[in-house]
Amino acid sequence: MRFDFVTLFPEMFSAVTGAGITGRALSRGLVEVGLYNPRDYTADRYQTVDDRPYGGGPGMVMLFEPLRDAIRDARGSGDAAGRVIYLSPQGRKLDQAGLEALSRHSHLILVCGRYEGIDERLIQAEVDEEWSIGDYVLSGGELAAMVMMDGITRLLPDALGHEDSAQQDSFSDGLLDFPQFTRPEMIEGRQVPPVLLSGDHKAIERWRLKQALGRTWLRRPDLLETFELDEEQQTLLAE
Ligand code: ADE
């Protein structure tokens, strides 16, 4: 899968290219990354990428042409037709189902805005989908684009080691995760729940499911409005 980022701050992306699951996916060739700086697509000697908004108001708006030309170059870098994504608080809110849908594309071009945003006509002309990572305002789309890339990359076959499976993540079945424990068995008077030491796999699975349900009910009751136990989970709880 290929990710191209259109950004005034390409250096920020070392956070995903140089470390962790995304860095490993890149060095193993599971993903490719390209960086396109709209500043490189300017013609004037100040390399202007923004201007004041028509109608007045504070801040600056990113110019149409440098962004368009950067996106066009990014489109040409992949074999498949790239899907152009604009990150902004006005977009559709990202969730696990959204990441799964996005992971089915083989080429994403992630456009990162700065300042007050980009010229609306660029969204009309070049952008296929607009996504937000939550109801808060960041100072640019870069962190949002990296969140999106990270969330997608870990869904790609072979990106995770076989010990960590994306199928076991919270949200992949619509519930929050159950709590985890590791050695030692007792620390500062706090004991690992005995069922986890029992070796009884059915009992452990049942306990984990109950914990996940309980936590979801307490912390995110909204998730239970659409949640349904699958058959395996129903049998486990009935036994
Ligand atoms: N750019 C600024 N804030 C954002 C957000 N919440 N999601 C996506 N892109 C953004």
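Rules and cut-offs
- Residues numbered from 1 in each chain as written.
- Predicted model: local features only at pLDDT ≥ 70, side-chain atom pairs only at ≥ 80, totals over all residues.
- Pairing = 2+ DSSP bridges.
- Helix = DSSP H or I, 4+ residues; strand = E, 2+ residues; numbered from the N terminus.
- Right-handed = clockwise from strand over helix to strand, strands pointing away.
- UniProt positions renumbered as here; feature names shortened; annotations may be inferred.
- Buried ≥ 20, exposed ≤ 12 C-beta atoms within 10 Å, placed from the backbone.
- Contact = placed C-beta atoms within 7 Å.
- Domains from an automatic or database assignment.
- Axes fitted to C-alpha atoms, helices over the stretch in contact; angles between N-to-C directions.
- Near = placed C-beta within 6 Å.
- Nonpolar A, V, L, I, M, F, W, Y, C, P; charged D, E, K, R; others polar.
- Expected span 1.5 Å × (residues − 1).
- Arc of directions from axis to C-beta.

Strand direction decides the pairing type here: strand 5 (residues 83-93) and strand 6 (residues 107-112), joined by five bridges, are parallel. Residue pairing in the sheet places Ile-85 in a bridge with Leu-110 of strand 6. Read as a crossover between parallel neighbours, the route from strand 5 over helix 4 (residues 96-102) to strand 6 is right-handed. In this sheet, strand 7 (residues 129-132) lies alongside strand 5 in parallel orientation, the contact comprising five bridges. Residue pairing for strand 7: Leu-87 is matched across the bridge by Trp-131.

This part covers the UniProt feature "binding site: S-adenosyl-L-methionine" (unreviewed entry) in the chain. Within this numbering scheme, the UniProt entry marks Gly-113, Ile-133, Gly-134, Asp-135, Tyr-136, Val-137 and Leu-138 as carrying the feature "binding site: S-adenosyl-L-methionine" (unreviewed entry). Within the secondary structure, Ile-133 is located in the loop between strand 7 and helix 6 (142-153). You can call Ile-133 buried: it has 22 C-beta atoms within 10 Å. Non-local contacts of Ile-133, meaning those with residues more than four positions away in its chain, are made with Leu-94, Ala-144 and Val-147. Within the secondary structure, Leu-138 sits in the loop between strand 7 and helix 6. Excluding residues that lie within four positions of it along the chain, Leu-138 makes contacts with Leu-143 and Ala-144.

A word on the domain arrangement of the chain. Split by domain assignment, the chain resolves into domain 1 (2-153) and domain 2 (170-238). Centre-to-centre, using C-alpha coordinates, domain 1 lies 37 Å away from domain 2.

Moving on, we get to the sheet that holds strand 1 (residues 2-6). Spatially, five strands are ordered 2-1-6-5-7 in an open sheet, and the strand pairing comes out parallel. At either margin of the open sheet sits one strand with a lone partner, and together these are strand 2 (32-36) and strand 7. On average, adjacent strands in this sheet sit at an angle of 30 degrees to one another, irrespective of strand direction. Relative to the sheet, helix 6 contacts strand 1, strand 5, strand 6 and strand 7, its axis offset from that of strand 6 by approximately 160 degrees.

A few words on the site of the ligand. Around the ligand sit Leu-87, Ser-88, Pro-89, Ser-132, Ile-133, Gly-134, Tyr-136, Val-137, Leu-138, Gly-141 and Ala-144, and those are all the residues in its vicinity. When residues of the shell around the ligand are assigned to their parent elements, the largest contribution, three residues, is made by strand 5. Classifying every residue of the shell around the ligand by side-chain character gives seven nonpolar, four polar and no charged.

Given 3.6 residues to a turn, an α-helix orients residues that are three or four positions apart in the same direction. For helix 3 (residues 64-76), built from 13 residues, the straight-helix expectation of 18 Å at 1.5 Å per residue is met to within 8% by its first-to-last C-alpha distance of 19 Å. Within helix 3 the residues assigned to the buried category are Pro-66, Leu-67, Ala-70, Ile-71 and Ala-74. Within helix 3, the buried residues cover an arc of 130 degrees as seen down the axis, which keeps them to one side.

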